[in-house]
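Tertiary structure, described
Here is how the chains run, residue by residue.
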Amino acid sequence: MLGRSVVLALVLAAPLAASAQAPAWEVDAAHTHIGFSVRHLMVSNVKGEFTKYKVKIDGDAKDAPKAGIDVAIDVASINTGVADRDKHLKSPDFFDAAKFPTITFKSKKITKAGKGLKIAGVLTIRGVAKDVVLEAKDISGPIKDPWGNQRLGLTATTKIDRRQFGLTWNKALEAGGVVVGTDVNINLEIELMQKGQPAPAAAK
């Protein structure tokens, strides 16, 4: 059975995290994705990601409900695969990255939910703070990789209404509806690694 400290680490770790007390588990950035999707023209979903973010863990991670988490996401790292669209998203029409360069999340309460966790906290975008809940589920592992490292995987999701955070830009369609949907689905696919212990030195 997964310990609460391992489950918490899965949710809270980030590839750019750097603290004096580094967690035993670290994110494998090559196999981790912090993404989102939003409806476009009422007919398809546009997907994107943030590639730069930092995390700070406060308290004892061995006791998940008493631990705390601060996350900071670099808005300028947004990537939807289209340069012009990314430029528009960073403009005052949307995130206004020049004025609000960082998206933050600060946990308030972490509770167990079946085999996963519910992480309640405050998400701040464009200077607007709102309560949100991340649902962490689909926890897999631990397994040992071919190099002797222990690995775990986790999927976490939530949904927000972008208008509540001041992301109100839109255009109406002649046939009805709007260019950009209001609901934003956030999806985290995280792979965590605990490096194998070095082999003891041979006796002389």
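Residues numbered from 1 in each chain as written. Predicted model: local features only at pLDDT ≥ 70, side-chain atom pairs only at ≥ 80, totals over all residues. Heavy atoms only, no water.

1. A closer look at unusual backbone geometry
A negative phi holds for most residues other than glycine; trans holds for most peptide bonds. Phi at aspartate 96 takes a positive value of approximately 50 degrees, unusual for a residue other than glycine. Position of aspartate 96 among the secondary structure elements: in the loop between helix H2 (83–89) and strand E7 (102–113). For arginine 126, which is not glycine, the phi torsion reads 55 degrees and is therefore positive. Tracing the backbone shows arginine 126 in the loop between strand E8 (116–125) and strand E9 (128–144). (Helix = DSSP H or I, 4+ residues; strand = E, 2+ residues; numbered from the N terminus.)

2. Some remarks on the nonpolar core
Within the largest apolar cluster, 35 residues are counted, with the highest numbers of intra-cluster contacts made by Phe50, Phe95, Ile103, Phe105, Leu123, Ile125 and Ile160. With five residues, the top contributor of residues to this core is strand E11 (residues 180–194). Not counting the four nearest positions on each side in its chain, isoleucine 103 is found in contact with Phe50, Val71, Ala72, Ile73, Val75, Phe95, Leu123, Thr124 and Ile125. (Core = buried A, V, L, I, M, F, W, Y, C linked by side-chain atoms within 4.5 Å. Buried < 20%, exposed > 50% of the residue type's maximum accessible area, 1.4 Å probe, protein only. Contact = heavy atoms within 4.5 Å.)

3. Concerning the pattern of salt bridges
Evaluated as defined, the whole model comprises four salt bridges. Between aspartate 131 and lysine 108 there is a salt bridge, with the nearest N and O atoms lying 3.4 Å from each other. Taken together, the residues aspartate 131 in strand E9 and lysine 108 in strand E7 connect sequence positions 23 residues apart. Like aspartate 131, the residue lysine 108 is exposed in the burial classification. With a closest N to O distance of 2.8 Å, arginine 151 and aspartate 145 form a salt bridge. Aspartate 145 carries the same exposure label as arginine 151, and that label is buried. (Salt bridge = Lys/Arg side-chain N within 4 Å of Asp/Glu carboxyl O.)

4. Quick look at the environment of threonine 157
On the secondary structure map, threonine 157 appears in strand E10 (residues 150–161). Its relative accessible area of 24% is what places threonine 157 among the partly exposed residues. Note: C-alpha distance between threonine 157 and leucine 188 (31 residues apart in sequence) is 6.3 Å. In this structure threonine 157 touches Val133, Leu134, Glu135, Lys137, Ile186 and Asn187, once residues within four positions along its chain are discounted.

5. As for the confidence of the model for the protein
The share of residues in the protein with pLDDT of 70 or more is 67%, and the mean pLDDT across the chain is 73. Within the protein, the element-level pLDDT minimum falls on helix H1 (residues 4–12), averaging 47, and the maximum on strand E6 (residues 78–79), averaging 92. Taken together, the stretch residues 59–64 has pLDDT below 50 and engages in ten contacts with residues farther than four places along the chain or on a different chain. Note that residues 197–204 has pLDDT below 50 and, in this model, zero contacts with residues that lie over four places away or in other chains. (pLDDT = per-residue confidence, 0-100.)

6. Some remarks on the packing of aromatic side chains
This model, assessed by the stated rule, comprises two aromatic pairs. The interplanar angle of 40 degrees and the centroid separation of 5.7 Å between the aromatic rings of phenylalanine 36 and phenylalanine 50 together place this pair among those described as tilted. Of this pair, phenylalanine 36 sits in strand E2 (residues 33–40) while phenylalanine 50 is found in strand E3 (residues 44–50), placing the two residues 14 residues apart along the sequence. Under the relative-accessibility criterion, phenylalanine 50 is labelled buried at 10%. Ring geometry for phenylalanine 50 against phenylalanine 95: centres 6.0 Å apart, planes inclined by 85 degrees, an arrangement best described as edge-to-face. With phenylalanine 50 in strand E3 and phenylalanine 95 in the loop between H2 and E7, this pair connects stretches of sequence that are 45 residues apart. Residue phenylalanine 95 is classed as buried on the basis of its relative accessible area, which comes to 12%. By the ring-pair criterion, three or more aromatic residues cluster together here, those being Phe36, Phe50 and Phe95. (Phe/Tyr/Trp six-rings, centres within 6.5 Å; stacked < 30°, edge-to-face > 60°.)

7. Concerning the pairing of E10
With respect to burial, E10 is a largely interior element, nine of its twelve residues being buried. As paired strands, E10 and E11 are joined by twelve bridges and run antiparallel to one another. Across the sheet, glutamine 150 pairs through a bridge with glutamine 194, a residue of E11. (Pairing = 2+ DSSP bridges.)

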